[in-house]
Each structure stands twice: as C-alpha cells, then as structure tokens.
Amino acid sequence: MNHLISIIIPCYNQGLYLDETIASVLNQSYTNWECILINDGSTDNTASIIEKWESIDNRIKSHYKENGGLSSARNLGLEKANGDYIQFLDSDDILDSGKLYIALEYLKNNNLDIAVTNYARFTEDVKIITPPYYTLKQEFLNYNSVLYQWDTNFTIPIHCALFKASLFKSFQFPDALKAKEDWYMWTVLFYNKPKVGYVSDTLCFYRIHAKSMTGDNFNHMINNTKLFYDLIKAVIPEEDYIKLIELSNKKYIDKSAIESQKAQQIKQSNAFKIGNKIEVILKKIGLNKLSQKIIKKYSEK
C-alpha cells in the first residue's frame, strides 16, 4: 500500500493555526505523502511558517499566488499534485494521526473511489471535542442526497474524504464561487456515481471559530448560493435542477412561516405585553432613550 497521497492545504491568513495543521500531517502513521501548501496571498506570517516547515521536511512543498479565494487555491494544488490520491485540508483544521492509513486501507480493500471518515468539532484544544453538526451516514453519500439535502440534513467537511486523484482530471472548483464550493464539488463528483464508503471512526477535526453571522457574511452566503444554482444548472439534468429550486423555495417558505409563528407567539406573551406597557410609561416620563442606553451598555459587558 505504497501509494502517494497529495495533501492540499490552501493558506490565507491563518498563521495562528497553521503550525498545528501541518504538525498533524507530519504525525501521520502513513508516510508516503506530499504536502502542498498554497499561500493564497496571505498578509500575516503564513509565508515564514511555510518556509520553516519546508526546511524541516522535504515532503512539504509550497506555491505562492495572488489572492483569489479557496477555490482557485485548491485548483492550483490539484495542478501541482503528483499523488495517486488527494486529501484536502483547510489551514485551521487537523487530521488524526491514523487518517491517511485507515482511509486508504478501507478504500483499497473495498475497491472505492472515495473514503469518507467521521469528524468532530473543536475550538482551541483538539483534545476537547464536540459532536459534528450532522451525523454522517453511508446513505447520505450519493448524488440525490447531496443535491437535495445539503445544509438541511448534513454536510461533508472536505477533509473527511480521501479521493482517487483521477476524479479530478476533469474537475475544477469554480474560481468565482467563494462559498458553497464543497457542495458544488460533491454534487459534480457524485453525479458521476463514484464508489463511496463510510468509516465511522473520528479521524478529522473541524475548528469552530467564534464569529457572529454579520450582515456582510449573510449577504456573502446568499450571493454565492445564487451563484451555485447558476453553475450547477449547467452540470445536472434540467428536471433535477427544477426539483432543487422547488425544494429550496419550499425550505424558504417553511422557514419564514416558522419565524412568523415565533414572532406572533412572542407578541402574545405576557412578558412582551408588560414590556410594551413599560415602554409607554418611560416615553411619557422621558426616560425611554436613557433606558435603551443603559440596556445596551450592560448587554455589551
């Protein structure tokens, strides 16, 4: 089982975590790998970290490019890869030391094109983990499930998978897609019906960042979801695309109805009614604006 595995790590301003990510690669029990670090125009200390690790292990190689986003960085990594198999890894995530060996052994023994392993989440200490957002199952690893249930019943973090490199001979991540690129990749790959198997062992760790969903991020996701629909339309059959749009519209309508119901329940609650009465009284005595400032002050502490 002496196949070369290409580990592709796009890097953009994640110098704080990059050492830990690369160390998890060097800790692999399977040793026939190359690690391709793509510096996507980082402005932090990413370059010096990469240079340090290159001097430590000659299996680590780097390439610099102007910032173009995750998709373009992955595409350059695929272009430079020499391996029989591909392992993607984001620059803030971590692999278990047995990830490559276990996934490759399972893939080869079962004559698969893709082996998907389980994962867990962590924040700062990888020894303190929480369960994944969704429970992965073998039944999810197919075209219909990915196309119609993505982000509803499950997602698949890209570093959970070990891929045959041949799957990417005719595939590229769309450079313009700055989010939902994993959904696009899985849909396109599964449309071609590869042989896929699931390993229930937790062999990947997904880092959670304490970031709130700002208006800009929300709009970013909406715009890229729209772009995903435009791009995937050219790949899948028309009837599948129509069904996808219908399900998406239904999901939005259902979510809007739930939010409307919640709002109505809040308005009918005693607490809401009392709050309204208090607000009326405060307005009358001229303290409404002052009370809002006080509430804001203490809510920020």
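Computed from a prediction, not measured in an experiment: that's the story for all the values here. (Residues numbered from 1 in each chain as written. Predicted model: local features only at pLDDT ≥ 70, side-chain atom pairs only at ≥ 80, totals over all residues. Heavy atoms only, no water.)

Orientation of helix α1 (residues 15-26) relative to helix α2 (residues 46-56), taken along the N-to-C sense of each, is 20°, at an axis distance of 9 Å. In terms of axis orientation, α1 runs roughly parallel to α2. The two elements α1 and α2 meet at a crossing, and its hand is right-handed. Seen from α1, the contacting residues are Gly15, Leu18, Asp19, Ile22, Ala23 and Leu26; seen from α2, they are Thr46, Ile49, Ile50, Lys52, Trp53 and Ile56. (Axes fitted to C-alpha atoms, helices over the stretch in contact; angles between N-to-C directions. Helix = DSSP H or I, 4+ residues; strand = E, 2+ residues; numbered from the N terminus. Parallel < 35°, antiparallel > 145°, perpendicular 65-115°, else oblique. Left-handed = near helix turned anticlockwise from the far one by under 90°. Contact = heavy atoms within 4.5 Å.)

In terms of burial, strand β1 (residues 5-11) is a largely internal element, seven of the seven residues being buried. The side-chain alternation of β1 yields two buried faces, one formed by Ile5, Ile7, Ile9 and Cys11 and the other by Ser6, Ile8 and Pro10. The pairing of β1 with strand β2 (residues 33-40) spans seven bridges and is classified as parallel. Of the residues in β2, the one forming a bridge with isoleucine 9 is leucine 37. For the crossover from β1 across α1 to β2, the handedness is right-handed. In terms of strand pairing, β1 meets strand β4 (residues 85-88) through four bridges, oriented parallel. Within the sheet, the bridge partner assigned to serine 6 lies in β4 and is isoleucine 86. (Buried < 20%, exposed > 50% of the residue type's maximum accessible area, 1.4 Å probe, protein only. Pairing = 2+ DSSP bridges. Right-handed = clockwise from strand over helix to strand, strands pointing away.)

The biggest cluster of nonpolar side chains holds 73 residues, and the ones touching the most others in it are Val116, Ile156, Phe163, Phe168 and Trp186. For this core, the element with the highest residue contribution is helix α6 (residues 181-191), accounting for seven residues. Tryptophan 186 has contacts with Ile114, Val116, Val146, Trp150, Ile156, Ala161 and Phe163, leaving out every residue within four places of it along the chain. (Core = buried A, V, L, I, M, F, W, Y, C linked by side-chain atoms within 4.5 Å.)

Our next topic: the side chain of lysine 99. With respect to the secondary-structure elements, lysine 99 resides in helix α4 (residues 99-109). Among buried Asp, Glu, Lys and Arg side chains, lysine 99 stands out as unpaired, with aspartate 96 the closest opposite charge at 9.7 Å. Looking at lysine 99, its side chain comes within polar contact range of the side chain of glutamine 87, at 2.7 Å. Dropping the residues within four chain positions of it, lysine 99 is found in contact with Gln28, Gln87, Thr117, His159, Cys160, Ala161, Leu162, Leu203 and Cys204. (Lys, Arg positive; Asp, Glu negative; His and termini not counted. Salt bridge = Lys/Arg side-chain N within 4 Å of Asp/Glu carboxyl O. Polar contact = N/O pair within 3.5 Å; in protein donor to acceptor, adjacent residues only side chain to side chain.)

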